[in-house]
Amino acid sequence: MSPGAGRRGGAPGLPPAHDVIDQALEAASGESVVIVEESSEAEVRFANNTTTTNGLRRDRRVTVISFRETDGGVAAGIGRRGGNVDVADLVAASERDAAGSPAAEDAEPLVEPGVAPGSEPFDHGPAETDLSVLREVLAGLGGAFARAESAGRVLAGFAQHTIETVYLGTSTGVRRRHAQPTGALHLVGRSEDGSNSAWVGAGTADFSDVTIDQLEARLVDRLAWGARRVELDAGRYEVVVPPDAVADLMVGLVGSASGQEAEDGRTVFSAPGGRTKLGEALSSLPFQLRSDPAEPGLTCSPFVVAPASSADSSVFDNGLPLSPTRWVDGGRLARLRYHRAGAARSGQAVTPAIDNLVLELPGAAGSVEDLVATTERGLLLTCLWYIREVDPATLLLTGLTRDGVYLVEDGAVVGAVNNFRFNESPVDLLGRVTEAGATVRALGREFGEWANRTAMPPVRVPDFNMSSVSPAS
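Residues numbered from 1 in each chain as written. Predicted model: local features only at pLDDT ≥ 70, side-chain atom pairs only at ≥ 80, totals over all residues. Heavy atoms only, no water.

Chemist: Help me understand the sheet that holds strand S4 (residues 153-170), please; the structure alone is not making it clear to me.
Modeler: Strands belonging to one sheet form pairs held by backbone hydrogen bonds; the direction of such a pair is parallel or antiparallel. Pairing is antiparallel in the open sheet, where six strands are placed in the order S3-S2-S1-S4-S5-S6. The open sheet has two free edges, formed respectively by strand S3 (73-82) and strand S6 (197-204), since each of these has just one partner strand. Along the sheet, successive strands turn relative to each other by an average axial angle of 15°, direction set aside. Direction of pairing for strand S5 (residues 175-191) relative to S6: antiparallel, over a ladder of eight bridges. Bridged to Gly-183 within S6 is Thr-204. Along the sheet, helix H2 (residues 87-99) makes contact with strand S2 (50-70) and S3, crossing S3 at roughly 145°. (Pairing = 2+ DSSP bridges. Helix = DSSP H or I, 4+ residues; strand = E, 2+ residues; numbered from the N terminus. Axes fitted to C-alpha atoms, helices over the stretch in contact; angles between N-to-C directions. Contact = heavy atoms within 4.5 Å.)

Chemist: Even after reading the chapter, I still don't get the pairing of S2, so can you show me in this structure?
Modeler: If a strand is regular, its side chains alternate between the two faces of the sheet. Strand direction decides the pairing type here: strand S1 (residues 32-47) and S2, joined by 16 bridges, are antiparallel. Opposite Ser-32, over in S2, you have Ser-66 as the bridge partner. Hairpin geometry of S1 and S2 is characterised by an intervening segment of two residues between the two adjacent antiparallel strands and by a positive phi of about 50° at Asn-48. Turn length for the S2-S3 hairpin, with the two strands adjacent in sequence and antiparallel, is two residues, and the turn residue Gly-72 shows positive phi of about 90°.

Chemist: Could you clarify how one ought to interpret empty space enclosed by the protein in this entry?
Modeler: Rolled over the atoms, a probe as big as a water molecule pinpoints where empty space is left. Per the counting criterion, the structure on display carries one cavity of 30 Å³ or more. Computed from the structure, the largest cavity encloses a volume of approximately 30 Å³. Surrounding the largest cavity, Val-246, Leu-249, Met-250, Leu-359, Leu-429, Leu-430, Val-433 and Val-459 form its lining. Mapped onto the lining of the largest cavity, the elements with two or more residues apiece are helix H5 (243-255) and helix H9 (426-432). No other element matches H5, which puts three residues into the lining of the largest cavity. Partitioned by chemical class, the residues of the lining of the largest cavity number eight nonpolar, no polar and no charged. (1 Å grid on protein atoms, 1.4 Å probe; cavity = no way out; pocket = protein on both sides within 12 Å on 5 of 7 lines; lining within 4 Å. Points joined across faces, edges and corners; volume = space filled by probe spheres on them. Nonpolar A, V, L, I, M, F, W, Y, C, P; charged D, E, K, R; others polar.)

Chemist: Would you mind going over the sheet that holds strand S14 (residues 357-360) with me for this structure?
Modeler: With mixed pairing, six strands are arranged side by side in an open sheet as S13-S12-S11-S14-S23-S22. Pairing within the sheet leaves two strands with one partner each, and these edge strands are strand S13 (332-333) and strand S22 (440-442). Bridging between strand S12 (residues 325-329) and S13 involves two bridges; their strand directions are antiparallel. Within S13, the position partnered with Asp-329 by the bridge is Arg-332.

Chemist: Would you explain the packing of aromatic side chains in this entry?
Modeler: Centre distance and the angle of the planes are the two values used to describe a pair of aromatic rings. Applying the stated rule across the entire model yields seven aromatic pairs. Look at Phe-447 and Trp-450: their rings are 5.8 Å apart centre to centre, the planes differ by 55°, and that puts the pair in the tilted class. Note on Phe-447: relative accessible area 16%, which makes it buried. With a relative accessible area of 57%, Trp-450 lands in the exposed category. Directly above the ring of Tyr-386 sits Arg-388, whose terminal nitrogen or CZ lies 4.0 Å from the centroid. One cation-aromatic arrangement involves Arg-445 over Trp-385; the distance from NZ or CZ to the ring centre is 5.2 Å. (Phe/Tyr/Trp six-rings, centres within 6.5 Å; stacked < 30°, edge-to-face > 60°. Buried < 20%, exposed > 50% of the residue type's maximum accessible area, 1.4 Å probe, protein only. Lys NZ or Arg CZ within 6 Å of the ring centre and 35° of its normal.)

Chemist: Can you help me understand unusual backbone geometry in this one?
Modeler: Trans is the common state for peptide bonds, and a negative phi is the common state for residues other than glycine. In this structure, Asn-48 takes a positive phi of about 50° despite not being glycine. With respect to the helices and strands, the residue Asn-48 is situated in the loop between S1 and S2.

Chemist: Whenever I open this one, the pairing of strand S16 (residues 383-391) confuses me. Can you help?
Modeler: As paired elements, S16 and strand S17 (residues 396-402) share six bridges and run antiparallel to each other. Counterpart to Trp-385 in the pairing with S17 is Leu-400. Connecting S16 to the antiparallel partner S17 that follows it, the hairpin turn spans four residues, and Leu-395 within it adopts a positive phi of roughly 55°.

Chemist: How should helix H4 (residues 212-225) be read in this particular structure?
Modeler: Along an α-helix, residues three or four positions apart point the same way, because every turn accommodates 3.6 residues. Helix length check: H4, at 14 residues, gives a terminal C-alpha distance of 20 Å against a target of 20 Å (1.5 Å per residue), a fit within 8%. Every buried residue of H4 is accounted for by Ile-212, Leu-215, Glu-216, Leu-219, Arg-222 and Leu-223. The buried residues of H4 occupy an angular sector of 125° when projected down its axis, which confines them to one face. Structurally, H4 contributes buried residues whose contacts are with helix H3 (135-151), S4, S5, S6 and strand S18 (405-409). (Expected span 1.5 Å × (residues − 1). Arc of directions from axis to C-beta.)

Chemist: Mind showing me how you'd approach the pattern of salt bridges here?
Modeler: It is possible for side chains bearing opposite charge to pair when their charged atoms get close. Here the structure, examined in full by the defined rule, presents 32 salt bridges. Arg-153 serves as the salt-bridge partner of Glu-216, at 3.7 Å between the closest nitrogen and oxygen. With a gap of 63 residues between them, Glu-216 in helix H4 and Arg-153 in strand S4 connect regions that are remote in the sequence. (Salt bridge = Lys/Arg side-chain N within 4 Å of Asp/Glu carboxyl O.)

Chemist: Teacher, can you tell me more about the side chain of Asp-403 here?
Modeler: With respect to the secondary-structure elements, Asp-403 resides in the loop between S17 and S18. Among the polar contacts made by the side chain of Asp-403, one reaches the side chain of Ser-197 at a distance of 2.7 Å. Polar side-chain contacts of Asp-403 include one of 3.0 Å to the side chain of Arg-445. (Polar contact = N/O pair within 3.5 Å; in protein donor to acceptor, adjacent residues only side chain to side chain.)

Read these as layout, nothing more, since geometry by itself doesn't imply function.
Given below as structure tokens:
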């Protein structure tokens, strides 16, 4: 069976997911939500110019959320287990948790049945992947290894393809299913003495648009740039930031866009008096930062799946259809995340999280190479690594450059420089961008594992803060 195909039934030895949901709902004594998550993964890893491991994995997780009326509102309890679960026992555990829980602040009536655009047939089995989806990657590795050996390069990396099929059912009659394919290819090249390294990566749904040869060509160029080494001091530099690194920064920005936390005075989007910065300009350039379940090439789940509640995600919203959302529009902060209860309290639109992210400057064109060609003197980054939040009030992040920082002079890359520790806020950085190129699919080195579906432009920042020299390689 081809990867991604659906079938009736479930994984070998496990009852069908839709039957598990029906059994759990029947066993429940009150209103409830049941989520079954099926995961199918194929992976190949390689190091030292040879394939090291490959394999397949299957996984199932079942979540039961029980609701009970209590003094002052509705309480929610959660039970969550993996594999072939005892459905009645899991429901009982969830109901015990609800019995011991206080009224939920995010309580809302459960979502009613209706059409969720993009939802798939509920009684189909989980979509599956296998190593055939990596056939072209595996075929390309042999030639890449041979070329690396002859040129004194050492290649390492991995290719991974996962399909996660989620089933969601509620006591109000909601039935939803969505199968999400996610693929990534990472390729690292080093000189034999380890003094010169470079990374390239790509996100994909099915590997039909990604090849080893494409990534290898980019890697070879970067390793050639690294043949000349230049030592630079810490300081502020004009920097061309490629789409992959921009992705990690913008994922960090949206990750802090909780409406409730902003109102509580805990984020960069907080304003005095319990207000937020909605409507304020973040950039003089008319950037648009958006998420849309139907975004071409980046499609994702069209409905809310919430195994637990948080400041801006609610178990009561499970099954709620998702709509296109512009987080930043015309350079202004346009939306923060709110679940239904939070939106009602704050008088804002209901804006749950969506599993993709696109940054675009309308009308912008050109590539990383085009930005480099118009740089008098500056740095070209490859990727960012070990990113950590320093100050939530400004969203100041610190992290390291890795596997290739290059010096640009008079429109050409003239060598590789040492790595740096950086200190930057993606919110502040967005306001300092002076030029952007065309938006393309990107894969963040740091956050791409869980934020795979991103599309970003390369950008120019005139004063990127390289706060100290890093010994990292």
